[in-house]
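Residues per chain, in single letters:
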Amino acid sequence: MGELEDAVMTRVWKWNRPVTVREVLEDLQQERSIAYTTVMTVLDNLHQKGWVRREAEGRAYRYEAVSTRAAYAAALMNDAWSQSDNPAAALVAFFGMMSDEQRQALSDAVRIVQGPETAEAPQGTPDTGPDTERQNPGSAPEADGR
């Protein structure tokens, strides 16, 4: 997605509702000089690429995002990762670039994807219930068996 397409999609995603060319144009004009026909062409291109759907309203269209920004970001990451000749090394390099907040978000996402059963107890470890406290790696269990 090009820079102008991204600027248009940012508005479509942010507003999270069907939008007109005029609405996008007026918002973009707060940052740059741009013509109505340019925004119309960009939205048409995004429609052709499958990023937005459109519905006729009078002589114009209303455009709506087909997927979320998160789904777009995920597709970009997947595409970049799949092009690597060494996916493991690419992941290690990517993780090395992450901030602490990004690493925490990744950790949270892994827990969500794994589901509550695998997140609570590693495979082969009995789960003693929802009030089980997490141990620090390498720490011994407490005397009461927890």
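Basis of the calculations
- Residues numbered from 1 in each chain as written.
- Predicted model: local features only at pLDDT ≥ 70, side-chain atom pairs only at ≥ 80, totals over all residues.
- Heavy atoms only, no water.
- Phe/Tyr/Trp six-rings, centres within 6.5 Å; stacked < 30°, edge-to-face > 60°.
- Helix = DSSP H or I, 4+ residues; strand = E, 2+ residues; numbered from the N terminus.
- Buried < 20%, exposed > 50% of the residue type's maximum accessible area, 1.4 Å probe, protein only.
- Lys NZ or Arg CZ within 6 Å of the ring centre and 35° of its normal.
- Contact = heavy atoms within 4.5 Å.
- 1 Å grid on protein atoms, 1.4 Å probe; cavity = no way out; pocket = protein on both sides within 12 Å on 5 of 7 lines; lining within 4 Å.
- Points joined across faces, edges and corners; volume = space filled by probe spheres on them.
- Nonpolar A, V, L, I, M, F, W, Y, C, P; charged D, E, K, R; others polar.

(A) Inspection of the packing of aromatic side chains at higher detail. The full count for this structure, using the stated rule, is 4 aromatic pairs. When the centroid spacing of 4.8 Å and the interplanar angle of 85 degrees are considered together, the rings of W51 and Y72 count as edge-to-face. Residue W51 is found in the loop between α3 (36–48) and β1 (52–57), and its partner Y72 is found in helix α4 (residues 69–82); the two are separated by 21 residues along the sequence. Here Y72 falls in the buried class, since its relative accessible area comes to 10%. Put simply, the rings of W13, W51 and Y72 pair up and form one aromatic cluster. Lying over the aromatic face of Y61, R54 brings its terminal NZ or CZ to 4.2 Å of the ring centre.

(B) Region of interest: the side chain of T20. Along the chain, T20 falls in the loop between α1 (3–15) and α2 (21–28). Setting aside its immediate chain neighbours within four residues, T20 contacts Y61 and R62.

(C) Looking closely at the layout of surface pockets. What the second largest pocket holds in volume is close to 250 Å³. Every residue lining the second largest pocket is listed: A74, M77, N78, A80, W81, S84, A90, L91 and F94. Breaking the lining of the second largest pocket down by element, the ones donating at least two residues are α4 and α5 (87–97). In terms of residue count, α4 provides more of the lining of the second largest pocket than any other element does, 5 residues in total. Considering only residue class, the lining of the second largest pocket consists of 7 nonpolar, 2 polar and no charged.

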